[in-house]
Amino acid sequence: MAIALQTLETLEFPKVRQHLARYTAFSVSREMALNLMPSVDPADVRRRLRLTDEARRLLDAMPDLSIGGARDVRPAAGLARRGGICDAATLLEIAATLASARRLRATLLKLDPDTFPLLRDIAADLPSLSAIEDAIARAIGDDGQVLDSASPKLARLRAEVRTAFNRLQEKLHNLLMSHGDALQEPIITVRNGRYVIPVKATHRRVVRGLVHDQSASGATLYIEPLTVVDLNNTWRELQLAEQEEIERILAELSAQVGDHAGAIVTGVEALAMLDLAFAMARYAVAMHCVMPEIVDAPLSPDEPLLLLTAARHPLIDPQQVVPIDMRLGGPFRILLITGPNTGGKTVALKTTGLLALMAQAGMHLPASHPSRLPVFTQIFADIGDEQSIEQSLSTFSSHMTNIIRILRALEGAQEAEQPSNGRSIGADTLHEPAHTDRLPALVLLDELGAGTDPVEGSALARAIIERLLELGVLGVATTHYAELKAFAYATPGVENASVEFDVETLAPTYKLTIGLPGRSNALAIAARLGLSPALIERARASMAQQDAQVEDLLAGIHRERDAAAAELQRATEVRADAEKYRERLAAELREFEARRNEAWQSARDEIEAELRQARSEVRRLRDEFRSVSISRQWLEEAERRLQETRASLPETPPGKPLERATTVVEQGPRPLRPGDAVRVRSVGLTGEILAIDEEEQTAEVQVGGFRMQVDLAELTREKRGDGKEGAPARPVYESRGTSLPAPRDVSLELDMRGWRAADVRDRLDHYLNDAYLAGLPWVRIIHGKGTGALRQAVRDLLKEHKLVASFGSASAAEGGEGVTIVRLQER
């Protein structure tokens, strides 16, 4: 069952379709947009909304994506399928459409199938007919003309046509030169497809030939000289042969199109579906829309089935529209809106119905999250004054005729679905919705019961609302009757709502408030406009006491609600301010802690640097003490300064040990001392102790050409290999696979810029030795380009160095000729 066309017109859905059509890119998708119909199948509605959502996310990632130069080539494909011949321009459009389909297919099929499944499904219907594209491109140029390269025969015929034409023109020019006196003008023209020359009527015997035409005055005859008749014939025959070949080529291309006409038509329709999805996505972005949730049943008894948050009428200027919050279902199924004229009651009705139609058509809604709706099997709307002079219908009659039609349609649908259990709906089931397991209908009634006696009109309105409750529909109605406010308050399933009116400005605010009935405001407006207070009081006194009390009560409720809203607003602002202060204080605390940690780390680094400097000074003094005479008192003073520096080092925070524990050295028969021959057990080498650091429990050992810093615990005293006390120890390599310990802090780069070439040998040799001992596979030597002298000195040393396996310039990105990459020997 489709939504009635009258409902679409009443709710102005065709105008929404026209706005949507502006975002389409070609005629087929525009036609689909203008004929878009809401669906009543929940699965189809969900699929449409997801397709729009996929298109929207895709355009966010690829804003320039489109269907390209596609055209509606379905009629041309149908003609080709029936054996017809398409002209060159049409074939070009077919080729452009196929190219657009192929490119879009390739793009969409690369998308994640879990993220864009619906777009990929449509893309699978796009044809990929590269052979037809190529055939048309080879045969027809961009200007729509068949190319000489379309066939060898066409190329030959066109060459012959040009030759024949040149001969014909040359002959005619010669005649112009030789018969100048007989010619009216020395020009060559065409009559009946034949080249002729204008000859004076008085000189017709001078130029013998065939007369094809004459001027209006008869003074000029257009004669085809006999000497060019054969040339003209040859030229025309070649032209006809050329045209026949062109027709053959177009027929051949058309036949290829006809063979794939079905795929082409399917592809055009798939392109239109994709373009319509892109149009819906662009419309949603332009209108700041959200994707609504489609629900089959309320989330809970207290949750509304229809919920529209900050909903906006899509046809009202976005700068002027006032958003409304609408909810139906759950605690109530019928919403009764009261309020002044031009206050926004009808806009609220139309917004509700129009957004329901848009959602069921697959369009996102101009609203905010959360927004959800069911899928309505039918949407009925009786809005506006549809009185008809021809049918002798008044406003009341017009409204009542529509309401009767709506009730009959609802009752007919209910009877069709009513199970044959014999149960009838009576007073005991008055407020129980009928058939809650089926999809509901939405009924929108404007000015219910208006246009007749107020007493009878309000009675009819109550009866109609009760019947709608029995039928289990969702509905929104507007009215001016005060009696219906009390009815809505006392009747389960019905709720009051109002549109607000500012008495101070005498203007509606268009805000919809659910839960409060609207006030009349007639007396307040009259007073504001300047009516005598005495008349206002006389009118108030003439009102029924109960009506006056109700109006006063409503006024008090509105004031209390406004006060509560103001308090809530103030509380919200205070809370927002508190959040801002809390975040600012938290940021300041984090900044303070960061500065404190930075200062602590800076102080710690400074003290450690001083400690390292002191230790270095002590080592230097010890070395000098062995070679020169330095007073022991001076050395003890240096040791004391070192201890004081160490004592001033702050406590290390947990988890950040400052120094590693020293290893306890096993004591031999006597302590090791400089000059002893020892074996380094970790690497299996022997050497000679040069110096011992008692505090660090380490020793500096000369092993061949290298110096090593090792723990004393790793050393074992060795006897001299030659039996002589002072002979230097030679390194001995064991067969097991061991590696030398890495020197401390060996960098992968050595920056030599600024060095002199004379400094290269010793300092570079020392660096290569350390890098080799550190187990580095390669190093970067940065020497710069300059004059090239430093680079040459470096590479001369590298050529003869035993630890270098190979070397070469770095890549351009890493420095080029200014950097040399050195690969060291494997250990």
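Residues numbered from 1 in each chain as written. Predicted model: local features only at pLDDT ≥ 70, side-chain atom pairs only at ≥ 80, totals over all residues. Heavy atoms only, no water.

### Quick look at the overall build of the protein
The test is simple: To qualify as a helix, a DSSP run of H or I must reach at least 4 residues; to qualify as a strand, a run of E must reach at least 2; elements of each kind are numbered from the N terminus. For every residue, the accessible area (1.4 Å probe, protein chains only) is compared with the maximum for its type, and the residue is labelled buried under 20%, exposed over 50%, or partly exposed between those bounds. Residues count as neighbours in contact if any of their non-hydrogen atoms are within 4.5 Å of one another. A 1.4 Å probe and the Shrake-Rupley method give the accessible areas. Residues count as covered only by the protein chains that appear here.
Summing up its helical and strand segments, the protein has 21 helices and 23 strands in all. Taken across its 827 residues, the protein has 42% of its residues classed as buried. A separation threshold of at least 6 residues defines the contact pool for the protein, and within that pool the share at least 24 residues apart is 68%. As displayed, the protein has an accessible area near 45100 Å², and 51% of this comes from carbon and sulfur atoms.

### Points about the sheet that holds strand S3 (residues 209-214)
What counts is decided by this rule: When DSSP finds two or more bridges between two strands, those strands count as paired. The axes are straight lines fitted to the C-alpha atoms, using for helices just the contacting stretch, and the angles between their N-to-C directions are given from 0 to 180°.
Read from one edge to the other, the open sheet built from four strands follows the order S1-S2-S4-S3, with strand pairing classed as antiparallel. Two strands bound the open sheet, and with one partner strand each, they are strand S1 (189-191) and S3. Across the sheet, the mean angle from the axis of one strand to that of its neighbour is 50 degrees, orientation sign disregarded. The pairing of S3 with strand S4 (residues 220-225) spans five bridges and is classified as antiparallel. What sits directly across from Asp213, in S4, is Tyr222. Of the strands in this sheet, strand S2 (194-200), S3 and S4 touch helix H10 (residues 229-259), which is tilted by about 150 degrees from S2.

### Brief notes about the pairing of strand S10 (residues 379-382)
Burial along S10 is two-sided: the face carrying Ile379 and Ala381 and the face carrying Phe380 and Asp382 are both buried. Alignment of S10 against strand S11 (residues 442-445), held across four bridges, turns out to be parallel. What sits directly across from Phe380, in S11, is Val443.

### Some words on the pairing of strand S17 (residues 698-703)
In this sheet, S17 lies alongside strand S16 (residues 685-693) in antiparallel orientation, the contact comprising five bridges. What sits directly across from Ala691, in S17, is Glu700. In sequence, S16 turns back onto S17 through a hairpin of four residues, with Gln697 there showing a positive phi of about 60 degrees.

### What about the pattern of salt bridges?
Short version of the rule: One side-chain nitrogen of Lys or Arg within 4 Å of one carboxyl oxygen of Asp or Glu is enough to make a salt bridge.
According to the stated counting rule, one finds 30 salt bridges in the structure shown. For Arg191, the salt bridge identified is with Asp213, shortest N-O distance 3.2 Å. One end of the pair, Arg191, is in strand S1; the other, Asp213, is in strand S3, with 22 residues separating them in the sequence. Residue Arg191 is classed as partly exposed on the basis of its relative accessible area of 23%. Here Asp751 ties to Arg753 by a salt bridge, and the two come within 2.7 Å at their closest N and O atoms. In this structure Asp751 comes out as partly exposed when scored by relative accessible area, which is 40%. Arg753 gets classed as exposed once you look at its relative accessible area, which sits at 53%. In this structure, a network of salt bridges that share partners links the residues Glu12, Lys15 and Lys350.

### Description of the environment of Ala150
Looking at the secondary structure, you find Ala150 in the loop between helix H8 (130-139) and helix H9 (152-178). According to the relative accessible area criterion, Ala150 is partly exposed, its value standing at 24%. The sequence separation of Ala150 and Glu245 amounts to 95 residues, and the corresponding C-alpha distance is 9.6 Å. Excluding its chain neighbours within four sequence positions, the residues that come into contact with Ala150 are Arg138, Ala139 and Ile249.

### Let's talk about H9
Using the following cut-off: Expected span of a helix, by definition, is 1.5 Å for each gap between consecutive residues, and there is one gap fewer than residues.
For H9, which comprises 27 residues, the first-to-last C-alpha distance of 40 Å matches the rise-based estimate of 39 Å (1.5 Å per residue) to within 8%. When H9 is considered as a whole, its buried residues turn out to be Leu154, Leu157, Arg158, Val161, Ala164, Leu168, Gln169, Leu172, Leu175 and Leu176. The inward-facing, buried residues of H9 abut S2, S4 and H10.

### Details of empty space enclosed by the protein
A probe as big as a water molecule, rolled over the atoms, marks out the empty space that is left. Put simply, the rule reads: Only protein atoms enter the 1 Å grid used here, on which a cavity is any set of points holding a 1.4 Å probe that cannot leave and a pocket is any open set flanked by protein within 12 Å on both sides along at least five of seven lines; residues with an atom within 4 Å of a point are listed as lining. Grid points are joined across faces, edges and corners, and a volume is the space filled by probe spheres set on the points. Each residue is assigned to one class: nonpolar for Ala, Val, Leu, Ile, Met, Phe, Trp, Tyr, Cys and Pro, charged for Asp, Glu, Lys and Arg, and polar for all the others, Gly among them.
This structure, assessed with the given rule, holds two cavities of 30 Å³ or more. Taken as a whole, the second largest cavity spans an internal volume of roughly 40 Å³. Looking at the second largest cavity, the residues that line it are Asp382, Phe396, His399, Met400, Ile403, Asp446, Glu447, Leu448, Gly449 and Ala450. Here the element with the most residues in the lining of the second largest cavity is helix H13 (residues 395-417); it accounts for four residues. Grouping the amino acids of the lining of the second largest cavity by side-chain chemistry returns five nonpolar, two polar and three charged.

### Section: the sheet that holds strand S22 (residues 804-809)
Pairing between sheet strands relies on hydrogen bonds along the backbone, with the strands arranged either parallel or antiparallel. The four strands lie next to each other as S20-S21-S23-S22, forming an open sheet whose pairing is mixed. Whereas interior strands pair on both sides, the edge strands pair on one side only; in this sheet they are strand S20 (749-751) and S22. The mean angle between the axes of side-by-side strands here comes to 20 degrees, regardless of whether they run parallel or antiparallel. Pairing of strand S21 (residues 778-782) with strand S23 (residues 819-824) involves five bridges; the strand directions are antiparallel. Bridge pairing links Ile781 to Thr820 in S23. Sitting on the sheet, helix H20 (residues 760-773) is in contact with S20, S21, S22 and S23, with an inclination near 155 degrees to S21. Most of the contacts of helix H21 (residues 789-800) go to S22, to which it runs at about 155 degrees, and overall it touches S21, S22 and S23.

### A few points about unusual backbone geometry
Note that the residue after His369, namely Pro370, is joined by a cis bond; omega there is -5 degrees. Phi at Asn192 takes a positive value of approximately 55 degrees, unusual for a residue other than glycine. Its location among the elements puts Asn192 in the loop between S1 and S2. Since its relative accessible area comes to 66%, Asn192 is described here as exposed. One non-glycine residue, Glu447, adopts positive backbone phi at about 55 degrees.

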